[in-house]
Amino acid sequence: MRLNLRDLIRQDGGSVPFSFSLDLSDLDFFGARPIAHPVEVTGTVSNRAGALVLQGEAVTTLELNCDRCLRAFSREMRVPVDTLLAEELEDEENDEIVLLEDGEVDLDEVFTTAVVLAMDVKHVCSEDCKGLCPTCGANLNDGPCKCRPEIDPRFAALAQLLDKKESDD
Ligand SMILES: [Zn+2]
Ligand SMILES: [Zn+2]
C-alpha cells in the first residue's frame, strides 16, 4: 500500500491513519515459510511541526517448527515501527529516515523490511523445551524415552560407590 502524504506535508498538526494487510506467506526463511497468515498493519502518519512521524505496528501469527524438538507451534509476532519520513535527506548519514517518493510512502516496503529484520534466527517452542533424545529421536517433552530407564535404586547405590572409589584413586 502506498500512502499519499502530499496534503499532510502542508498541514501542521494533522495526521493520516492507515490500516491494511500484507501477504508475506511466500517469504522463505531457511527453507521454511513461517509468515503463513496475513500480517495486519495499523498506524498513523502525523505532521508534528513540519516533521512527518510514522508510528505503527505489524501483527501476525507465525507458524514455526521448534529447533530443539521439531514440533510445530504458533507464536504471535508484534513489530512496532516508529520512524521519520522526509522528502529528501538533509543529512546523508541518517539512514533512519524513510524517503517519500513523489509525496507518497511505500508502506508495504516499510513494514515488510521491519518484519523481516524482526524475525528470530532460532525458534524454540518453550524456554525449557527438552528437545529430542539423540539416541532414539523421541520427543523428551512427552516424558523420558526407553533409552533412559528409571535406575533401579540398588544400582544407583552401587554406582555411587563406584564413583566414590574412582574419585578416591
Ligand atoms: Zn521444542
Ligand atoms: Zn531415547
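Everything numeric here is computed off the predicted structure, so don't read it as measured data. (Residues numbered from 1 in each chain as written. Chains lettered and ligands numbered in written order. Predicted model: local features only at pLDDT ≥ 70, side-chain atom pairs only at ≥ 80, totals over all residues. Heavy atoms only, no water.)

Among the nonpolar cores identified, the biggest contains 34 residues, and Leu5, Phe18, Val45 and Phe111 are the most heavily contacted of them. For this core, the secondary-structure elements that each account for two or more residues are strand S2 (15-22), strand S3 (39-48), strand S4 (51-65), strand S5 (72-86) and helix H1 (107-118). When neighbours within four sequence positions are excluded, leucine 5 is seen to be in contact with Val45, Leu52, Leu85, Leu100, Gly103 and Val105. (Core = buried A, V, L, I, M, F, W, Y, C linked by side-chain atoms within 4.5 Å. Buried < 20%, exposed > 50% of the residue type's maximum accessible area, 1.4 Å probe, protein only. Helix = DSSP H or I, 4+ residues; strand = E, 2+ residues; numbered from the N terminus. Contact = heavy atoms within 4.5 Å.)

Segmentation of the protein into domains returns domain 1 (2-118) and domain 2 (132-169). For domain 1 versus domain 2, the distance between C-alpha centres works out to 51 Å. In this assembly, four residues from domain 1 lie in contact with four residues from domain 2. For the pair domain 1 and domain 2, the summed buried area comes to about 320 Å², and 40% of that belongs to carbon and sulfur atoms. Summed over the shared surface of domain 1 and domain 2, the number is one salt bridge. We note a salt bridge from aspartate 142 to arginine 71, for which the minimum N-O separation is 3.0 Å. Partitioning the side of domain 1 that touches domain 2 into residue classes produces two nonpolar, no polar and two charged. (Domains from an automatic or database assignment. Buried area = accessible area lost by both parts, 1.4 Å probe. Salt bridge = Lys/Arg side-chain N within 4 Å of Asp/Glu carboxyl O. Nonpolar A, V, L, I, M, F, W, Y, C, P; charged D, E, K, R; others polar.)

As paired strands, S3 and S4 are joined by nine bridges and run antiparallel to one another. Pairing of glutamate 40 across the sheet is with valine 59, part of S4. Joining the antiparallel neighbours S3 and S4 is a turn of two residues, in which alanine 49 adopts a positive phi near 50°. Both S4 and S5 contribute to a ladder of 14 bridges, which runs antiparallel. When the bridges of S5 are listed, valine 53 appears paired with leucine 84. (Pairing = 2+ DSSP bridges.)

With respect to the helices and strands, the residue methionine 77 is situated in strand S5. Taking relative accessible area as the criterion, methionine 77 reaches 9% and is therefore assigned buried. Distance in space between the C-alpha atoms of methionine 77 and threonine 60 is 5.4 Å, their sequence separation being 17 residues. Apart from residues no more than four positions distant in its own chain, methionine 77 is found in contact with Ala58, Val59, Thr60, Leu62, Val115, Ala118 and Met119.

Turning our eyes to something else, we now look at the packing of aromatic side chains. Across all of its chains, the model carries three aromatic pairs by this definition. For the pair phenylalanine 18 and phenylalanine 20, a centre-to-centre distance of 6.3 Å together with 45° between the ring planes defines the contact as tilted. Each member of the pair, phenylalanine 18 as well as phenylalanine 20, is classed as buried. Between the aromatic rings of phenylalanine 20 and phenylalanine 111, the centroid separation amounts to 6.3 Å while the plane-to-plane angle is 80°, which identifies the pairing as edge-to-face. (Phe/Tyr/Trp six-rings, centres within 6.5 Å; stacked < 30°, edge-to-face > 60°.)

With that settled, consider the environment of phenylalanine 18. As for its position among the elements, phenylalanine 18 is in strand S2. We classify phenylalanine 18 as buried; its relative accessible area is 4%. C-alpha separation for the pair phenylalanine 18 and glycine 43, spaced 25 residues apart in sequence, amounts to 5.5 Å.

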